[in-house]
Amino acid sequence: MKLRSGLVAYVGARTTRTRNARGNGLNVYRLGPVAEWTHVQLLEMENPSFLAFDRSGCFLYTVHGDADRVSAFAVDRASGELVLLNEQSTGGRNPVHLSFDPANRFLVVANHVTSSLALMPRNEDGTIGALCDLAGIVGEVGPHRAEQPFPKPHQVEFDPSGRWIVVPDKGIDQILVYEIDAGALKAVSTCPAREGAGPRHVAFHPAGDLAYVVNELDSTVAAYRFDARSGRLTPFQIVSALDESFTGNSRAAEIAVSPDGRFVYASNRGSDTIAAFAIDDAGALKRIGSWPTAGRTPRFFTLLEDGVLLAANEDSDTITAFDIDAASGSLVAKRATLSVGSPVCILVKELR
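Residues numbered from 1 in each chain as written. Predicted model: local features only at pLDDT ≥ 70, side-chain atom pairs only at ≥ 80, totals over all residues. Heavy atoms only, no water.

Caption draft 1: Fine view of the overall build of the protein. Broken down by element type, the protein carries zero helices and 28 strands. For the protein, the C-alpha radius of gyration of 19 Å lies close to 20 Å, the compact-globule estimate for 352 residues. Overall, the protein is about 50 × 45 × 40 Å in size when its C-alpha atoms are taken along their principal axes. Burial statistics for the protein: of 352 residues in total, 61% are counted as buried. (Helix = DSSP H or I, 4+ residues; strand = E, 2+ residues; numbered from the N terminus. Rg over C-alpha atoms; globule rule 2.2 N^0.38 Å. Buried < 20%, exposed > 50% of the residue type's maximum accessible area, 1.4 Å probe, protein only.)

Quick look at the structure:
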């Protein structure tokens, strides 16, 4: 394991009793060459549960899980430390994901439990303006009585072209596609998932013509052709993210495509593993294997350009580092590199 110099990691954590959380807010760390973590800063706040940079990389933003707002921060170029700029309401409850359009003019947020997508302007100074559009989501809910009582958008991910916003909705077993049109969100297309699958997150192939969706409730990964001209998804494969021998309860969480476009990774909360798949020339997936994360409930993971995977184990209060074998895609050399309460998101930036 050998990381570049100048890497700073931002770790969001659950903090509230209702989440049975042990986190203390948003923490900033410097990352050493073998994933040594040096604490730099703590910003105490409620449930900073998903983080994102704007397109310039000069500003960082977080949604606050179970609340109704997003916070904006300036990033110090020398130290990586954060300075709070402002907060804005997302117009709904439990915002869970956020993304910026390619022009860096708008922030899009998924409000998970109030079934809506928020569109908010980004100002030149990095602050977020008041809500300019709120798109409600409707649809027939899935069969899972506890997890699918209403539409539950879980992610707002721009495709590589930057035109389309892909929204996996766990509650209605649909993958929705939107675009920003004249300062408003416009629905473009829908693609059904399997009944009870619970689509959670999507990851695009670097080429832009393939998308892979992790389904939370049935722990599967679905492969789609993506038409960047129309914004439409066409499914062509679905595979399990769990080992054939696993018979317990598990919920899939995160998905990512390797930067070279050769592999897909997905995390499982319950089996507490990261599954890996090879992508063939047609875009189909072939399972490579799965590896324990040395912790419980890997809600999130991120892939670094250095060939390292960092997994956030929410219920064992650890972040685990893996080397990725460049030839096979396998995970190797795992070790718990950081103890931190209830980690749920990791964002890494190289200071320049």
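So, next bit.
Caption draft 2: Looking closely at unusual backbone geometry. You will see that Ser-115, though not glycine, has its phi angle at about 55 degrees, which is positive. Structurally, the position occupied by Ser-115 is in the loop between strand E9 (106–111) and strand E10 (116–121).

Caption draft 3: Structural view of the packing of aromatic side chains. Counted according to the given criterion, the structure contains six aromatic pairs. A ring pair is formed by Tyr-10 and Phe-53, whose centres lie 5.9 Å apart and whose planes are at 85 degrees; its orientation type is edge-to-face. Placement of the pair is Tyr-10 in strand E1 (residues 7–13) and Phe-53 in strand E4 (residues 48–53), with a sequence separation of 43 residues. We note that Tyr-10, like Phe-53, is buried. Residues Phe-263 and Tyr-265 carry aromatic rings whose centres are separated by 6.5 Å and whose planes lie at 50 degrees to one another, so their mutual orientation is tilted. For the pair Phe-263 and Tyr-265, one class covers both residues: buried. Here Arg-55 stacks its cationic end above the ring of Phe-158, 5.8 Å away from the centre of that ring. (Phe/Tyr/Trp six-rings, centres within 6.5 Å; stacked < 30°, edge-to-face > 60°. Lys NZ or Arg CZ within 6 Å of the ring centre and 35° of its normal.)

Caption draft 4: Representation of the sheet that holds strand E8 (residues 95–100). The four strands are arranged E8-E9-E10-E11 in an open sheet whose pairing can be described as antiparallel. With one partner strand each, in any of the chains shown, E8 and strand E11 (133–136) form the two edges of the open sheet. Between one strand axis and the next, the sheet turns by 20 degrees as a mean value, whatever way the strands run. For E8 and E9, the ladder comprises five bridges, and the chain directions are antiparallel. Residue pairing for E9: His-97 is matched across the bridge by Ala-110. (Pairing = 2+ DSSP bridges. Axes fitted to C-alpha atoms, helices over the stretch in contact; angles between N-to-C directions.)

Caption draft 5: Here's a closer look at empty space enclosed by the protein. A full pass over the atoms with the stated rule returns one cavity of 30 Å³ or more. One number sums up the size of the largest cavity: a volume of about 110 Å³. As for the largest cavity, its lining consists of Arg-14, Ser-49, Phe-50, Val-96, His-154, Arg-200, His-201, Glu-254, Arg-299, Phe-300 and Val-344. Taken together, the elements giving at least two residues each to the lining of the largest cavity come down to E4, strand E16 (199–204) and strand E24 (298–304). Class assignment for the residues of the lining of the largest cavity results in four nonpolar, three polar and four charged. (1 Å grid on protein atoms, 1.4 Å probe; cavity = no way out; pocket = protein on both sides within 12 Å on 5 of 7 lines; lining within 4 Å. Points joined across faces, edges and corners; volume = space filled by probe spheres on them. Nonpolar A, V, L, I, M, F, W, Y, C, P; charged D, E, K, R; others polar.)

Caption draft 6: Molecular detail of the nonpolar core. Judged by nonpolar contacts, the single largest core of 47 residues is most densely connected at Tyr-10, Leu-26, Trp-37, Leu-60, Leu-82, Leu-98 and Leu-310. Sort the elements by how many residues they give to this core and E1 lands first, with five residues. When near neighbours in sequence (up to four residues on either side) are disregarded, Leu-98 contacts Phe-50, Leu-51, Ala-52, Tyr-61, Thr-62, Val-63, Val-70, Leu-107, Val-108, Val-109 and Val-156. In terms of nonpolar packing, the next biggest core, distinct from the first, is built from 17 residues, Ala-203, Leu-210, Ala-223 and Ala-266 among them. (Core = buried A, V, L, I, M, F, W, Y, C linked by side-chain atoms within 4.5 Å. Contact = heavy atoms within 4.5 Å.)

Caption draft 7: Highlighting the pairing of strand E26 (residues 318–324). Within E26, seven of the seven residues are buried, leaving the element largely enclosed by the surrounding structure. Here E26 shows no split at all, with Thr-318, Thr-320, Phe-322 and Ile-324 on one side and Ile-319, Ala-321 and Asp-323 on the other all buried. The pairing of strand E25 (residues 308–313) with E26 spans six bridges and is antiparallel. Across the sheet, Leu-310 pairs through a bridge with Ala-321, a residue of E26. The turn linking E25 back onto E26 is made up of four residues, and Asp-317 within it adopts a positive phi angle of 60 degrees.

Caption draft 8: Quick look at the pattern of salt bridges. Summed over all chains, the structure comprises 19 salt bridges. Between Arg-69 and Glu-46 there is a salt bridge, with the nearest N and O atoms lying 3.6 Å from each other. In this pair, Arg-69 sits in strand E6 (residues 69–75) while Glu-46 sits in the loop between strand E3 (37–43) and E4, placing the two residues 23 residues apart along the sequence. Glu-46 gets classed as partly exposed once you look at its relative accessible area, which sits at 30%. Residues Asp-243 and Arg-287 are paired through a salt bridge, measuring 2.4 Å at the closest nitrogen-oxygen approach. Of this pair, Asp-243 sits in the loop between strand E19 (232–240) and strand E20 (251–257) while Arg-287 sits in strand E23 (residues 285–292), placing them 44 residues apart in sequence. Several salt bridges converge on common partners, so that one network encompasses Glu-147, Lys-170, Arg-200, Glu-216 and Arg-269. (Salt bridge = Lys/Arg side-chain N within 4 Å of Asp/Glu carboxyl O.)

Caption draft 9: Layout of the pairing of E19. Where strand E18 (residues 220–227) meets E19, eight bridges bridge the pair, whose relative direction is antiparallel. Of the residues in E19, the one forming a bridge with Ala-222 is Ile-238. Hairpin connection from E18 to E19: four residues lie between these consecutive antiparallel strands, with Gly-231 at a positive phi of about 75 degrees.

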